[in-house]
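Next come the chains, spelled out residue by residue.
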Amino acid sequence: MQELQPGQNRLLGGGRVRIGVAGEPREAFAAQTQAGVVLLTADGRARDLADLISADQPRSRDGAVAFTEPTGEFEIDLDAMPATVARVVLVLTVKPGATPPGTTFGVFATIRAWVTDAANAPLLMFPLPPTSRGETAMILAELYRHQGQWKFRAVGQGFAAGLAALAAHFGLRVPESPAVGPGARDGTGQAGETAFSGTGFCVHPDGYVLTNHHVIEGAREILARSPRQRCALEPVFADPINDLALLRATAPLAGVAAFRDGPQARLGEAVIVVGYPLGGLLGSGPQVTTGNVSSLIGLGDDTRALQFTAPTQSGNSGGPLLDSDGAVVGVVSSKLNVARIHEMTGDMPQNVNFAIKAALARGFLEAAGVNYQSRSARADRATADIAAEARDFVVKIECRG
């Protein structure tokens, strides 16, 4: 069985295949998650809820996809797939009401998707990278038509806002619980509504704001807020795989961040985090923490990320990681799942946080056609001076979904 990494694809051709998903611990995974298959047209949209196949609706309207008990696999007849279906997407969600409250994919030691042929001979496997996953819904993989044949692609795109965000991604609206579910991030909303927040920073005088894709995933309304202003944000460009999103403010922002030219962040160098953690519970202004770069790679030897020790909380995601001159060297993205590590090792690691390297963020902005500012390293500055400057370009991002 060939093992794939996120983004890789392999030819299947046609005929009958089986796809499925499993996780460890096995009993907890079976009790707390539910897999499904969504049939999509060429524009990436599902026609209606009949295109969502799961244990609750075990057959597609044309019979080309069927959920099989008790294995929990999906049998797919690729040759019988209607011409209107261009993609067959394997999804996974945390079940509503899963215990303990706040359960996410991060509680599982492993999650993997696989493909076999009709005789159950293994073909492909996609193990999710060993990361701290705070999502409650996910696109695991997809089968798609290419030049008359079917191919399999490993995806691993998560949705922190849960099933509602996943459904909205496909143009569907699913019945929602009147209470905010475990997918809610920072804050709460009205009945049947989620409210969540994160951090972003302005990268262009025209009001372009950079943040994490997971911060705005599933949002119907996005606002930028700082002690000095408040305005609406509109999504412009997104890279879900690398967890980056570009927004544009409807009004100019007070300042613009600059990226550091020259060498990337160095092991051991001092860094500063400026953001809006815990949805404003710590106050309406930005919060500042300091630390050091502790590793130049992320979990699972992910070279797109670096690790740092400046304390972060939920809500810091999408904010800038600044050097001692106040220039951007990374985009804060996540923190280690301490509870999960404690379960595995009995230890409670402290201040293990991750940021997307500035080089990746700069490439993202170049692809979006945004001329960001940059500068060479200068002399070290006082943290208070850097924080005062950052107040003008760092904003709280408030979302409603």
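Source: prediction; values computed, not measured. (Residues numbered from 1 in each chain as written. Predicted model: local features only at pLDDT ≥ 70, side-chain atom pairs only at ≥ 80, totals over all residues. Heavy atoms only, no water.)

Visitor: Quick one: what's the story with the overall build of the protein, residue by residue and with numbers?
Guide: A tally of helices and strands in the protein yields six helices and 26 strands. Counting only residues that meet the buried cut, the protein has 50% of its 401 residues in that class. In the protein, 68% of the contacts between residues at least 6 apart in sequence involve partners at least 24 apart. Looking at the protein as shown, the accessible area adds up to about 17,300 Å², and 51% of this sits on carbon and sulfur atoms. (Helix = DSSP H or I, 4+ residues; strand = E, 2+ residues; numbered from the N terminus. Buried < 20%, exposed > 50% of the residue type's maximum accessible area, 1.4 Å probe, protein only. Contact = heavy atoms within 4.5 Å. Areas by Shrake-Rupley, 256 points an atom, 1.4 Å probe, with all protein chains shown as cover.)

Visitor: Any chance you could break down the sheet that holds strand β4 (residues 33–40) for me, citing the residues and the numbers?
Guide: Strands sit in the order β2-β12-β11-β8-β4-β5 across an open sheet of six strands; the sheet is antiparallel. With one partner strand each, in any of the chains shown, β2 (9–13) and β5 (52–53) form the two edges of the open sheet. Alignment of β2 against strand β12 (residues 149–159), held across four bridges, turns out to be antiparallel. For L11, the partnering residue across the bridge sits in β12 and is K151. (Pairing = 2+ DSSP bridges.)

Visitor: Talk me through the side chain of E269; I want residue IDs and the actual numbers.
Guide: Relative to the elements of secondary structure, E269 occurs in the loop between β18 (258–260) and β19 (270–275). Here R266 takes part through its backbone nitrogen, which lies 2.7 Å from a polar atom of the side chain of E269. (Polar contact = N/O pair within 3.5 Å; in protein donor to acceptor, adjacent residues only side chain to side chain.)

Visitor: Outline the pattern of salt bridges, supporting the account with residue identities and numerical values.
Guide: Side-chain pairing between opposite charges can occur once the charged atoms of the two side chains come close. For the structure shown, the criterion picks out 20 salt bridges. With its nearest N and O atoms 3.9 Å apart, the salt bridge here joins R266 to E269. The exposure class assigned to R266 is exposed, which follows from its relative accessible area of 52%. Ionic contacts of the salt-bridge type, sharing partners, join the residues D325, R375, R378, R381 and E389 into one network. (Salt bridge = Lys/Arg side-chain N within 4 Å of Asp/Glu carboxyl O.)

Visitor: Account for the packing of aromatic side chains, with residues named and values stated.
Guide: On inspection of all chains with the given rule, the structure shows five aromatic pairs. Relative to F259, the ring of F201 lies with its centre 6.4 Å away and its plane at 55°, an arrangement referred to as tilted. Residue F201 is found in strand β13 (residues 195–204), and its partner F259 is found in strand β18; the two are separated by 58 residues along the sequence. The structure contains a cluster of three or more aromatic residues connected by ring pairs, namely F201, F259 and Y372. (Phe/Tyr/Trp six-rings, centres within 6.5 Å; stacked < 30°, edge-to-face > 60°.)

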